[in-house]
Structures are given as structure tokens and as C-alpha cells.
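Here is what each chain is made of, one letter per residue.
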Amino acid sequence: MTRLIQAVRGMNDILPEQAHHWEFFEQTVREWMAACGYRSIRLPIVEQTDLFVRSIGAVTDIVEKEMYTFLDHLNGDSLTLRPEGTASCVRAALEHNLLYAGPQRLYYSGPMFRHERPQKGRYRQFHQVGVEALGYTGPDIDAEHIVMCAGLWDKLGIADVRLEIGTLGSVESRTLHRARLIHYLQQHLGKLDDDAHRRLHSNPLRILDSKNPGMQQIIDGAPRLLDDLDEDSLKHFEELQRVLRNQGIAFEINPRLVRGLDYYNRTVFEWITDRLGAQGTVCAGGRYDGLVEQIGGKPAPACGFAMGVERLLALMLECGKDIPHAVADVYVVHQGEAATGFAWEAVRHLRAEGLKAILHCGDGSFKAQMKKADASGARFAVIIGDDEAHAAEISIKPLREAAEQVRVGLAEAADLLKQI
Ligand code: HAM
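This text gives an overview of the structure that appears in the document. (Residues numbered from 1 in each chain as written. Predicted model: local features only at pLDDT ≥ 70, side-chain atom pairs only at ≥ 80, totals over all residues. Heavy atoms only, no water.)

### Overview of the pattern of salt bridges
Here comes step 1: Under the criterion given, the structure shown has 27 salt bridges.
Here comes step 2: Among the ionic pairs, D142 bridges to R287, the shortest N-O distance being 2.7 Å. Within this pair, whereas D142 is found in helix α5 (residues 139-156), its partner R287 is found in strand β10 (residues 281-287), the two being separated by 145 residues in sequence.
Here comes step 3: For R287, a relative accessible area of 0% corresponds to the buried category. (Salt bridge = Lys/Arg side-chain N within 4 Å of Asp/Glu carboxyl O. Helix = DSSP H or I, 4+ residues; strand = E, 2+ residues; numbered from the N terminus. Buried < 20%, exposed > 50% of the residue type's maximum accessible area, 1.4 Å probe, protein only.)

### Notes on helix α2 (residues 49-56)
Here comes step 1: For α2, the set of buried residues is T49, L51, F52, S55 and I56. Seen along its axis, α2 keeps its buried residues to an arc of 160°; they face one direction.
Here comes step 2: Those residues of α2 that are buried are in contact with β2 (46-48), α3 (61-66), β3 (69-72), β4 (77-81), α4 (86-95) and α11 (291-294).
Here comes step 3: Just past α2, the residue G57 takes up positive phi, approximately 110°. (Arc of directions from axis to C-beta. Contact = heavy atoms within 4.5 Å.)

### Examining the sheet that holds strand β16 (residues 406-409)
Here comes step 1: Spatially, β13-β12-β14-β15-β16 is the arrangement adopted by the five strands of the open sheet, whose pairing is mixed. Pairing within the sheet leaves two strands with one partner each, and these edge strands are β13 (357-359) and β16. Mean inter-strand twist for the sheet, computed between neighbouring axes without regard to direction, equals 30°.
Here comes step 2: Here four bridges tie strand β14 (residues 380-385) to strand β15 (residues 393-398), and the two strands are oriented antiparallel to one another. (Pairing = 2+ DSSP bridges. Axes fitted to C-alpha atoms, helices over the stretch in contact; angles between N-to-C directions.)

### Regarding the pairing of strand β6 (residues 125-134)
Here comes step 1: Judged by how many residues are buried, β6 sits mostly within the fold: nine of 10 residues are covered.
Here comes step 2: In this sheet, β6 lies alongside strand β5 (residues 104-113) in antiparallel orientation, the contact comprising 10 bridges. For F113, the partnering residue across the bridge sits in β6 and is Q125.
Here comes step 3: Bridge analysis of β6 against strand β11 (residues 302-308) gives seven bridges, and the strand direction is antiparallel. Residue pairing in the sheet places Q128 in a bridge with G308 of β11.

### Description of the nonpolar core
Here comes step 1: Core analysis: the largest hydrophobic core is formed by 45 residues, its most contacted members being W153, W271 and M307.
Here comes step 2: Apart from residues no more than four positions distant in its own chain, W153 is found in contact with I158, V161, W271, C283, M307 and L312.
Here comes step 3: One finds L51, V63, A87 and V292 within the second-largest nonpolar core, a separate group that totals 31 residues. (Core = buried A, V, L, I, M, F, W, Y, C linked by side-chain atoms within 4.5 Å.)

Set out below in C-alpha cells:
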């Protein structure tokens, strides 16, 4: 037998049994974004590799080892499957001069690709909904994003997520902090693991994010960025906290919140749950005031966040949210030449009236067709024999409750079906 070809590791099919959860999620997000005044933007899945190197940072895990980068043999370009959406969103806004019309509130959704080691909640193709506000300076928009998330969790029936916030300050305060951090780490060289040695000068802040238990004592004693913060960044951070308190949003300050992408400054935040095991960060983001300029635009402040759809769906189901399958209203069974012709007309009519109608396809006795009707989950079987066809009528048999079969003219059928 020919060998069955399987999906690529870490890239999942979303089967009909799960697809209705996704559809509920997508619909809820769409309505919520519109309610908050965000417009959707649709971006390509492939970009020039340089876009990600320049924005995410050359010495990040994503760029160093997780990108699906390939040569386009037809023209020699180095292309990359997008590992995230912020860089593309900013690129598109600049390419199409969206900021000339003023600040932009945008969102996008779709698959992202990172070559990570697959495990529960971590995939190589995963999905994000990303939100970006371009051209906004104040902490009010940072707060708005957090409030938007909290509102969405309510709509999705999600509980047990906690909010951690932090600040990375300005480029200047980070430079000062970086120097202090390197000085501190150099005093403990003997206790640093290989990864920390490698990152000591390229990305020392990321050392603080190490999960190595042997490093925790050194990390706990390291200088804190919060103590090196410049005055404006401190004010920004305090104002954010004030708005969050006023809005009744609980948060913890995490002075060690380090994001895996280099473009952040000032506010960073993560929504985390303990109910999903190791991959508990369901949503993350922050401010990136330097990115627009870094990608070649006129300087413009910005902030945003992205949710991990697989993780949020898992949490939503874990929290007991019940999303019923959409079932058909009717399954149309038919036998005989005139009956089949009329069955086509009946489904067209019922669908036009807004009912979900399945037409039986393939042969089969009435009995076999009724079995299929039952298995389909439809509420009613519509039965059409030549007799009904000649009278332009249909018989309606309830499949889910013990009620009488009725026979009505096709013209009245839709109203009747909608009532019962
Ligand atoms: P990120 O923290 O890299 O940020 O990803 C955001 C979220 O995507 C994570 O919190 C997680 O829920 C989900 N995620 C990331 N990697 C995986 C994976 N391998 N499998 C499943 N889910 C995953 C960003 O991507 C930034 N672009 C967010 C942002 C937007 N910042 C400002 N604007």
C-alpha cells in the first residue's frame, strides 16, 4: 500500500469537531474589535526575511533558531514565514501611508510559524489575533489594550488568567541598566550557564528570563530595571497603573518581565494562566515606540498585543464554556423521479428562507435515508415522495421529539419550521 503522507510536525489540522469552537472565537473577536473601534487588516504570510531580523532582533530566539526562512529560487530573495504579526502590520501601515490619515487602531488574525519544539500549547504553526495601535503616545492606549483583553475574556467565558505588567523604560535607561547588569553578571561568571555566557554581551536582559533552576539565585540578586528607570517612563508606568486600578483590573508588577522580541520599550504585559501547564501565557504585548522608525518610517509611537488562539481556546474549554454544534434544521429525503426533482426545489426554497437544509445525496431506501437524517443531527426530516411532489407539498417529521408528522405546501413550510 502507498505510504500515507502525514501533516508536518507541530502543524495541526482543525477538524470539524473543533472548528465550531474556532468559529465562535473568531466571531466573538470580530464583534469585540468592532465594538472597540479597531479595523481589520489582512497581511501576507510570507515577508522579506530582513523585516523580522530588523524588528524582532538578530539575537533573539525567534530570529536565531525558530524562523522558517527559505530562498525563493525564482528570484533569489530570502523569504520567511511570518513568526509574528507586528512587523508586518507596521510594514503595511508604512507602505500604504496609513499614518498620514492619523493614528490607526488595527487588528489581524491568522497563522504564525516558529520552529519550536512542539508540546501541548506550543506548535510550529499556531494562530494569533494581534492588535496594534499606531501613533498613540500616552499610557491610556496601553490601558485600553489591557481593558480590551479583560472584556474579551468575559465574552469568551475565560477565568483564571492573571495579568502581569512591567516596564522596560526608555532606550537610555535600558542602556544604563544593561551596563549595570553586565557588571553584576561578570562578578558571577563561574555560576552562569552556557546560554548566559553566550548572551552576556549580546542580550543580557534575556538571561533574567532563564528557566535554569541553577541560575535562579543569581537572577534574584540581579539589579532591577525598575530601579534604573527614567522619570518619564516611571510616570507613564504609574499612570497606566492608575487607570487599571480605576477600571477594576487586577495586576501584579513583574520587574523581571522580559519579552522574547527586542522591539519593546516602556509597558510590557502578559496574561498568564496556571490551568494549561507549562505554556500558560495566553496573550502578551506592550509598547514599541522605536519600531516604526526602525522599519524606515517617520518616528511614531505604538503599542499592541497578540493572543495565542490555541491556548485561549484550550482555556475556554477548560473553564467549561459550552459551544453547541450548529445542526441542520432539515434533512431532505426523497425517492422517485418527480420527488427528486421537487427535493432540489424544496432545499433551494428552504435555504432561501434562511433554514439550514441538507439534501440527501446518493441512493438508498426511505428507511436508509431516514437513518442518515437521524445521524445528521437535523431537527426534522423532510420527506418527499412522488405523491408529495405532484401536490407541491412536503411531509415534515420531527426527529428529536415525539410529535406527529405533518404535510404542508412548500410555500407554508418555512414559516411552520421556524415556529416549531
Ligand atoms: P509573543 O509573546 O511572541 O508576542 O506571542 C504572543 C502569544 O502568541 C503568546 O503569548 C502565546 O499565547 C502565542 N504563541 C507564541 N508562540 C506560540 C507557539 N509556538 N505555539 C502556540 N502559541 C504561541 C508577539 O508575537 C508580539 N507580536 C505581540 C505584540 C503585538 N506585541 C505588540 N504587538
